[in-house]
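# Descriptive analysis of the structure
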Amino acid sequence: MTTPDEAAASGQVAAPPGGPLLAVAKRAAEHVLWARVAVQRRAEARRGYAANRPVPRSVPPTAVLRTAADWERAVAEGKHLRLPLHRDQPKNWDALGAVGAVLTLADDGSRTARVMDAGSARYSPVLPWLRLYGLGGAPDSLLGINLEFGDEVRRDGVVFRHGDVTATGLPDCSLDAITCMSVIEHGVPLEGFLRESARVLRPGGVLCVSTDYDQDPPDTTGRTAYGTPVKIFGPADISALVSMADAAGLELVGDLSTSDALSHAERPVHWDRVDLDYTFILLTFRRRQAR
């Protein structure tokens, strides 16, 4: 199987992860999701709800998913906010935190922020939720890129196209925010990704990254997914990532220096395909202001 890195180097479109049957199921979920978003967005616009929908607050910009109760709280908030939830319920936790960070840190309330979802899936929640919050009114202001995408696709004003998260081709300082949900653990070259993110973000722009994490990572020897060895980040990996981000000009929003900052009481995430239990971490960075 071609890895994401190999596909990027050769200019190929990566094969759909999980095989053709899963790809068909995901495509069906995508159409249902975006049909709902389009109908709901128009109905809410008539009632003025989108402009008054509260910003998500239950997940901090930088945090570890410590217990199942944490993602259950995020799911409850998502339902209250009338957001179409991800069927894999723990994934709503980091998506809600990322959307909250974009709305509070990267948008000035005008809902004009330019946002890219790096390593996107067209059925993932971040871009649909931002669309329901009123972002995406300007052409191409909401963008999803992924190596597995072929021809450009538009869903309710959101653009999805083939793209490499380490070489997007976007102009310098052209984005207000980047989200990258559960992507970097799948063979992404971290330094290249962070440098490219810093390049395309405006000063003060925001990068939200989530990844699989565990304070004591389980043994993943021999397990592969999406064409690469399974990777569960540990505390040392996170510290190295934060240092790499800082070197690229991206400052962490939050504090991971306390003794319990990277700990968790439970392993509330289970990945059936590889039979592993672990958790998630969400990291939010700001592009350092020019001096």
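Now for a description of the structure that goes with this document. Just so it is clear, the structure is predicted and the values come from calculations on it, not from any experiment.

Turning next to the overall build of the chain. Looking only at helices and strands, the chain features 7 helices and 12 strands. In terms of overall dimensions, the chain is globule-like: its C-alpha atoms have a radius of gyration of 18 Å, near the 19 Å expected for 291 residues. Overall, the chain is about 55 × 45 × 40 Å in size when its C-alpha atoms are taken along their principal axes. For the chain, the proportion of its 291 residues judged to be buried stands at 53%. Long-range pairs, those at least 24 residues apart, make up 75% of the contacts in the chain between residues at least 6 apart in sequence. For the chain, the computed accessible surface area is about 12,900 Å², with 52% contributed by carbon and sulfur atoms. Put simply, the chain has 33 plus and 36 minus side-chain charges, and the middle of one group is 8 Å from the middle of the other.

Our focus in this paragraph is helix α2 (residues 20-47). Taking 1.5 Å of rise per residue, 28 residues should cover 40 Å, and α2 covers 41 Å from first to last C-alpha, within 8% of that figure. Inspection of α2 places K26, E30, L33, W34, V37, A38, Q40, R41, A43 and E44 among the buried residues, and these make up the whole buried set. Just past α2, the residue G48 takes up positive phi, approximately 75°.

You will see that C173, though not glycine, has its phi angle at about 55°, which is positive. Tracing the backbone shows C173 in the loop between β5 (158-162) and β6 (175-181). Backbone geometry places Y226, a non-glycine residue, at a positive phi of 55°. Examined against the element boundaries, Y226 turns out to sit in the loop between β8 (224-225) and β9 (228-229).

Turning to the pattern of salt bridges, a few remarks are in order. By the definition in use, this model includes 20 salt bridges. Here E44 ties to R53 by a salt bridge, and the two come within 2.6 Å at their closest N and O atoms. Under the relative-accessibility criterion, E44 is labelled buried at 2%. Residue R53 is classed as buried on the basis of its relative accessible area of 3%.

Together, D88, D272, D275 and D277 give the surface a local cluster of negative charge. Relative to the helices and strands, D88 is located in the loop between α3 (68-80) and α4 (91-106).

What follows deals with the side chain of N146. With respect to the secondary-structure elements, N146 resides in strand β3 (residues 142-146). Within the structure, N146 has its side chain in polar contact with the backbone oxygen of S120 (distance 2.6 Å). Setting aside residues no more than four positions away along its own chain, N146 makes contact with G119, S120, R161, H162 and G163.

Okay, the packing of α3 against α4 next. Axis angle and axis distance: for two packed helices, these are the angle between their axes and the distance between the axes, and together they describe the pair. Viewed as axis vectors pointing N to C, α3 and α4 meet at an angle of 60°, and their least axial separation amounts to 8 Å. Classified by the angle between their axes, α3 and α4 sit oblique to one another. Note on packing geometry: the crossing formed by α3 with α4 is left-handed. Contacts between α3 and α4 involve D70, W71, A74, V75, E77 and G78 from the former and N92, W93 and L96 from the latter. Split by residue class, the contact of α3 with α4 holds 5 nonpolar, 2 polar and 2 charged.

Definitions and limits used
- Residues numbered from 1 in each chain as written.
- Predicted model: local features only at pLDDT ≥ 70, side-chain atom pairs only at ≥ 80, totals over all residues.
- Heavy atoms only, no water.
- Helix = DSSP H or I, 4+ residues; strand = E, 2+ residues; numbered from the N terminus.
- Rg over C-alpha atoms; globule rule 2.2 N^0.38 Å.
- Buried < 20%, exposed > 50% of the residue type's maximum accessible area, 1.4 Å probe, protein only.
- Contact = heavy atoms within 4.5 Å.
- Areas by Shrake-Rupley, 256 points an atom, 1.4 Å probe, with all protein chains shown as cover.
- Lys, Arg positive; Asp, Glu negative; His and termini not counted.
- Charge placed at Lys NZ, Arg CZ, Asp CG, Glu CD.
- Expected span 1.5 Å × (residues − 1).
- Salt bridge = Lys/Arg side-chain N within 4 Å of Asp/Glu carboxyl O.
- Patch = residues over 30% accessible without salt bridge, like charges linked within 9 Å, V, L, I, M, F, W, Y side chains within 5 Å.
- Polar contact = N/O pair within 3.5 Å; in protein donor to acceptor, adjacent residues only side chain to side chain.
- Axes fitted to C-alpha atoms, helices over the stretch in contact; angles between N-to-C directions.
- Parallel < 35°, antiparallel > 145°, perpendicular 65-115°, else oblique.
- Left-handed = near helix turned anticlockwise from the far one by under 90°.
- Nonpolar A, V, L, I, M, F, W, Y, C, P; charged D, E, K, R; others polar.

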